[in-house]
Amino acid sequence: MQESQHIFIETGLLHIIENFDAQRSNQAVVLNILEVGFGTGLNALLTLMEAEKRGIKIHYTTLEAFPLDENCWRALNYPQLFGSVDYSRVFAKIHLANWDEPSTISSNFNLHKIHMTLEAYRPSPGLYNLVYFDAFGPDAQPELWTGDIFNNLFTGMSDGGILVTYSVKGTVVRALRSAGFQTEKLPGPPGKRHILRAVKM
């Protein structure tokens, strides 16, 4: 939870919200987010919480080739770890939403879970303001961290859009730059020295 909050929410979501506030002070914030690797659903839950807290609207698309089974995600205790508010119902709603169909989770959060590999996904050009790149690491799945993959994501992102990830390997940085991103290493969460943010300029 600490890592997800630091990498994807603070370095990604809150950063893009600040940019939107500065550029569009009189307009409601509506963000399109792509998550690579739905996994346990934690990033989706954290993002929904921020959307509710800040009164912004988020369209959240997430890719997952190997969804967790229900026994596994129901055993997770994430929803009970946020102080006085229990997000168990919302967490279940996120997981029970049908795959490959848009779903309304709350008035601020629309979810589209896509059961598909990253290699097969072709986003609409210029759609996403923010990408959470939370795939398995480049040592485990090097095919997901290539120039071709990042070229595809670059096309699918809006100008000024950002991609955040935990990997700062040289091969990853070079692949992002070859796709056209500008990259910067940022301080990581406890136990990790650096993380990476890439911007489509």
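Shown above is the structure to which this text applies.
Residues numbered from 1 in each chain as written. Predicted model: local features only at pLDDT ≥ 70, side-chain atom pairs only at ≥ 80, totals over all residues. Heavy atoms only, no water.

> Explain the pattern of salt bridges here, please?
When the charged atoms of two side chains lie near each other, side chains of opposite charge can form a pair. Taken as a whole, this structure holds five salt bridges when the rule is applied. Between Arg-54 and Glu-50 there is a salt bridge, with the nearest N and O atoms lying 2.8 Å from each other. Here Arg-54 pairs with Glu-50, and both are found in helix α2 (residues 42-54), just four residues apart, close to one helical turn. Among the residues examined, Arg-54 registers a relative accessible area of 41% and is labelled partly exposed. With relative accessibility at 6%, the residue Glu-50 sits in the buried group. Linked by salt bridges that have partners in common, Glu-50, Lys-53 and Arg-54 make up one network. (Salt bridge = Lys/Arg side-chain N within 4 Å of Asp/Glu carboxyl O. Helix = DSSP H or I, 4+ residues; strand = E, 2+ residues; numbered from the N terminus. Buried < 20%, exposed > 50% of the residue type's maximum accessible area, 1.4 Å probe, protein only.)

> Explain the nonpolar core to me, please; I cannot follow it from the model alone.
Leu-13, Leu-31, Ile-58, Ile-94 and Tyr-132 are the most contacted members of the largest nonpolar core, which totals 41 residues. If you tally residues by element for this core, the top one is helix α1 (residues 2-23), at eight residues. With sequence-adjacent residues up to four places away left out, Leu-13 is seen in contact with Phe-8, Leu-31, Ile-33, Thr-47, Glu-50, Ile-58, Leu-130 and Tyr-132. Formed by 26 residues, the second largest nonpolar core is a distinct cluster that contains Val-36, Tyr-121, Ile-149 and Ala-198. (Core = buried A, V, L, I, M, F, W, Y, C linked by side-chain atoms within 4.5 Å. Contact = heavy atoms within 4.5 Å.)

> Got a minute to help me understand α2 in this structure?
Helical periodicity: at 3.6 residues per turn, an α-helix aligns residues three or four positions apart in one direction. End to end, α2 covers 18 Å across 13 residues, agreeing with the expected 18 Å (1.5 Å per residue, within 8%). Within α2, 10 of the 13 residues are buried, leaving the element largely enclosed by the surrounding structure. Turning to α2, its buried residues are Leu-42, Asn-43, Ala-44, Leu-45, Leu-46, Thr-47, Leu-48, Met-49, Glu-50 and Ala-51. Directly beyond the C-terminal end of α2, a positive phi value near 65° is found at Gly-55. (Expected span 1.5 Å × (residues − 1).)

> Where do I start with unusual backbone geometry in this structure?
Trans is the prevailing form of peptide bonds, just as negative phi is the prevailing case for residues other than glycine. For Asp-100, which is not glycine, the phi torsion reads 65° and is therefore positive. Mapping Asp-100 onto the fold places it in the loop between α4 (88-96) and β3 (102-106).

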